[in-house]
Amino acid sequence: MSYGTYTDEDWGEIKQDIPKETDPFVQKYIQGREALIAQENKERSDASFKQNLSPIAKRACDIVGRIREEEKNTVWTPQLEDSLAQEAENITVHPGMMFSLSKERMESTKLWKIVRRMPKGALLHAHLDAMVDFDHLFQKLFATPGMHLAADQPLTTAKAKEVAKLTFRFFKKTRTEGNIWSADYKEETPILLTQVADAFPGGGKAGFLKWLYGRCAISQTDAVSQHHGVDHIWQKFQKCFRVVGSIIHYEPMFRAFLRRLMSLLKADGINWCEMRFSWAMDYYTEGSETPESDYGAMMTVIDEEVARFQATEEGEGFWGLRTIWATLRFFSTRDILQNMEQCITTKITHPHLIAGYDLVGQEDAGRTLRDLLPEIFWFRKQCAEEGLNIPFFFHAGECLGSGNATDHNLFDAILLGTRRIGHGFSLYKHPLLIDLVKEKKILVESCPISNEVLRLCGSVMSHPLPALLARGVSCSMCNDDPAMLGQDTAGSTHDFWQALQGWENLGLAGLGSLAENSIRWAAFEDQTAEEWSRDIREASTGSGIKAQRLKEWEIEWEKFCLWVIDEFGEE
């Protein structure tokens, strides 16, 4: 027989020679293939959780898997009633598309409703200033008497409006002299906020609020412009923190901020939060024009607001908040040591509110842990002399490098005894470090949407978290800076949803494992290294606070799975 175009007679003969899937040797291949996949799945960090699912949870996971598949084929396709509008914007709808382009659509799905309801345990990686939705924050800002705004230059050009340093401050005596939008404005002159807003050129207060939002958050345009690179987006990101800081560093605003924060967390199924905290000495108590000389008053406010929230019906079952003290990594040695001393002082006055220590800011642009070793060892010595236990929870590997100085922060974080790794984006490139992380039971605090918006990956589909899970690395799901990055809420549903919808081998059970991990690696109390390791190892079979909270979460998880069955099981 010659090869080429088949005649019907040729094709009839060839068809008879094609092996059938039922043939023994094909079946043997398939069995070997399935065994190989199963063998790899046993290495996953969520394997034990999945294996021990209750019958109720298994059924709920099957239902969610079916809904995910259904929505992949119906919601995430261009063939929809609004497809023409999508095409007009040059957007092709597909599973795993960029977060900022898919946010509105994801929030209308059944999968969203399910993930929103899920008990998510603890939020372990979040930066305090970037947690509360700005529309709510601005409303409180304008409702707070005596608030003024100053700038370091007249806001007369588009460039000035984009880069000027803005300072929100309370003053007892109303100051109305000057116009911040005029060329004759004298720099750093405070003017009553309502007056500044009403005078906003071409829009008044509504225009002012839109402009201010743009100074506090990453826009959709910023988020999708991946070609600009990491440094470009970080420059914008750091400016956001400078603006938001002065908005909430005044006691009435800070109290309103905390109330909103805890309300949003609880509504999203989060009962515990550990917030990275890196404020300058610029906190003002109510009615004061003089900044505090330490962090005591601010910490007392946290204590009071947590207790107040827990006493309400809304806050029932909320476990609380702690902070991870965070020094900006681009500081000079003098500034870092001074900040470390402030951390130690605050740990002495409010020990229950300081869970640990970190260095934050863009890793590529800041000092590496290798460079900071003298300061870190100095801090460790001071803690020992004061009899304090302040463990490390280091950011590391939040970068695209492979073998450069920033990437090598991962080596130092592990060698310095970090209990968790913030981001760990580049960890998947290091097989030896992966083994060490597993051996030392270090958790990776993963933040997929943050990594996408800050240009470490194009979308959730190219995020390395699935690779870490497949290698058996314990991880938790975190939102990092949700108010600034586009989620517009303190909750983590967007990140959980992106992972569930984007990665086939995760499933609802995988999300459950990530949530359970967040409690298992939470710093509910001060513990020695031995106590910490014991509680992680024993999990819910232990006898401490962590074991009790894991048991509470397990009950909530089963209730949630039952709800999934009741709500969606008959469809």
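Each remark here, short or long, concerns the structure printed above.
Residues numbered from 1 in each chain as written. Predicted model: local features only at pLDDT ≥ 70, side-chain atom pairs only at ≥ 80, totals over all residues. Heavy atoms only, no water.

*Asks:* Provide a residue-level description of the sheet that holds strand E9 (residues 420-423), including the pertinent values.
*Replies:* Here four strands make up an open sheet; going across it, the order is E8-E9-E10-E11 and the pairing parallel. This sheet does not close on itself; its edge strands, each paired only once, are strand E8 (395-396) and strand E11 (475-477). As paired strands, strand E10 (residues 443-446) and E11 are joined by three bridges and run parallel to one another. Paired with serine 446 across the two strands is methionine 477, which belongs to E11. Sheet contacts for helix H24 (residues 507-520): E10 and E11; angle to E11, the most-contacted strand, approximately 105 degrees. (Pairing = 2+ DSSP bridges. Helix = DSSP H or I, 4+ residues; strand = E, 2+ residues; numbered from the N terminus. Contact = heavy atoms within 4.5 Å. Axes fitted to C-alpha atoms, helices over the stretch in contact; angles between N-to-C directions.)

*Asks:* Which residues make up helix H14 (residues 251-267), and what are the values?
*Replies:* For H14, spanning 17 residues, the distance from its first C-alpha to its last is 24 Å, which sits close to the expected 24 Å at 1.5 Å a residue. Packed against the buried residues of H14 are strand E1 (121-127), helix H8 (134-143), helix H13 (230-248), strand E5 (270-277), helix H15 (296-310) and strand E6 (320-328). Glycine 269 lies just past H14 and shows a positive phi near 85 degrees. (Expected span 1.5 Å × (residues − 1).)

*Asks:* So what's going on with the pairing of E6? Residues and values would help.
*Replies:* Among the nine residues that make up E6, eight are buried, leaving the element largely enclosed by the rest of the structure. For E6 and strand E7 (residues 354-360), the ladder comprises six bridges, and the chain directions are parallel. Bridged to leucine 328 within E7 is valine 360. (Buried < 20%, exposed > 50% of the residue type's maximum accessible area, 1.4 Å probe, protein only.)

*Asks:* Describe the sheet that holds E5, with residues and values.
*Replies:* One open sheet accounts for four strands, arranged E1-E5-E6-E7; its pairing is parallel. Each edge of the sheet is formed by a strand with only one pairing partner; in this case those strands are E1 and E7. Strand-to-strand, the axes of this sheet are offset by a mean angle of 25 degrees, without reference to chain direction. Examined bridge by bridge, E5 and E6 share six bridges and lie parallel to one another. Its bridge partner lying in E6, tryptophan 272 is registered against glycine 320.

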